[in-house]
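# Structure assessment
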Amino acid sequence: MLLALGVVFLMLATTGWTAVHRPDTAVPARAAALAAWATARIDGRPVPAADSPVRTVARFFAGLDAAQRTRLADGYPLVVGTLDGVPAETRYRANHNALTQAAKLEEARGKDVALTPADRANAIRRAHRFESLAEDGRQILLFDPSGDGLVAEVYGDLDAARRVSVIVPGVDTDALTFERSQRRLIAPAGMAQSLYEAERAAAPAARTAVIAWAGYVAPTGVGVDAATGRLAVQGAVRLESLTAALPGNASVALFCHSYGSVVCGVAARRLPDRVTDVVVAGSPGMRVGNAAELHTAARVWATRAEGDWIADVPHLEVGGLGHGADPVSPGFGARLLSSEGAHSHTGYFEPGTASLANFAKIGTGGFGSVACANGNADCRGGISGTDGN
């Protein structure tokens, strides 16, 4: 058993989960914003606490008019933009404001000679990323610049959507890696854009939206965090809040990649009923022995691409180390999807792959044409109906 655990660390160290030191770049403005919010009022009404339940926040903002929401978004952007339960359009405005302010702060830090050259360079990179995220037309649902940063972005009309797909990414995900100009499909923004385009092509009339959700603190490289569930537990709480707060009655499908599947596994039993599908790709495990132990009514799907190194990581859990059974193993009980055409650990969202096509069909409700692994039809069994809009 100890040998197997040693292999886990060896595989992670030699296949991409390499340890990288990241300096703490927490933005003091966030703490100041929370302190100001704690005593804020709008036309004499106290605002809800920043840690209030989703229902409390939603009820409060539903009682405000458009002008009042705008005042809060402009006055407290670093808080309003992070509150699940706040209307999407209000969050978009707040986060645009917060990103613009954060970019200016990082630009100033990039010129601060009191900082090390490495910290100045990192500040400049953050400034450029924040400026990109603040571009007109982008729908940023979450922005928290603390630490390495949390970001979520919406593609499509979230308020009108009847089906919402959420990308839950894995290790080394933060504000800087949320999008990439090269190899863009390995970043959450690129994954979500690719899926949204595939969903539009698969079902042009369907009312769908896709969320790139880098809304939890992901592990950085190898080490204990990547091989345990500590950060997944914290991320699961945030994922539960997100899915509960989505507007309307849209059904939700989660697309969980790599360590993101650990987050989805931990969250599964507490997800709202609107989450109808949990799809894992390149999973190191979901911290259970089989799908039944997830205790969810959602359909559980799994796929693994040819050449994905995660296949060689021992799927076990000992004393909290490791993530449990392999979701693509026959005994796990997931619906096994084809990923033909996808290669390596990061190829699942490449156009032309069976994995992306399958994701789009699940996201739009086209279950009747999902391609199962090994060419059989087993994964489609027991699903009533074939298509949905």
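Quick caveat: nothing in here was measured; it's all calculated off a predicted structure.

### Points about the state of the cysteines
Scanning the model with the defined rule gives two disulfides in all. Residue pairing for Cys256: its cysteine sulfur links by disulfide to Cys264, the two sulfurs lying 2.1 Å apart. With the S-S bond torsion at -90°, the cross-link from Cys256 to Cys264 turns out left-handed. For the residue pair Cys256 and Cys264, the accessibility class agrees, reading buried in each case. Paired through a disulfide, Cys372 and Cys379 show a sulfur-sulfur distance of 2.0 Å.

### Comments concerning the pattern of salt bridges
A side chain with one charge may pair with a side chain of the opposite charge, provided their charged atoms come close. Within the structure shown, the criterion is met by 13 salt bridges. Between Arg138 and Glu179 there is a salt bridge, with its nearest N and O atoms 3.0 Å apart. Here Arg138, found in the loop between helix 7 (117-133) and strand 3 (139-144), pairs with Glu179, found in the loop between strand 5 (163-168) and helix 8 (188-202); they are 41 residues apart in sequence, far enough to count as distant. We note that Arg138, like Glu179, is buried. Arg230 is the partner of Asp225 in a salt bridge, and the nearest nitrogen-oxygen pair spans 3.0 Å. Overall, the relative accessible area of 44% leaves Arg230 in the partly exposed class.

### A look at the pairing of strand 3
Burial of strand 3 is extensive: five of the six residues sit out of reach of the surface. Between strand 3 and strand 4 (residues 150-156), which pair antiparallel in sequence order, lie five residues; one of them, Gly147, sits at a positive phi of approximately 60°.

Cut-offs applied
Residues numbered from 1 in each chain as written. Predicted model: local features only at pLDDT ≥ 70, side-chain atom pairs only at ≥ 80, totals over all residues. Heavy atoms only, no water. Disulfide = S-S within 2.5 Å. Buried < 20%, exposed > 50% of the residue type's maximum accessible area, 1.4 Å probe, protein only. Salt bridge = Lys/Arg side-chain N within 4 Å of Asp/Glu carboxyl O. Helix = DSSP H or I, 4+ residues; strand = E, 2+ residues; numbered from the N terminus. Pairing = 2+ DSSP bridges.

Take it as geometry only, folks, not as evidence of what the structure does.
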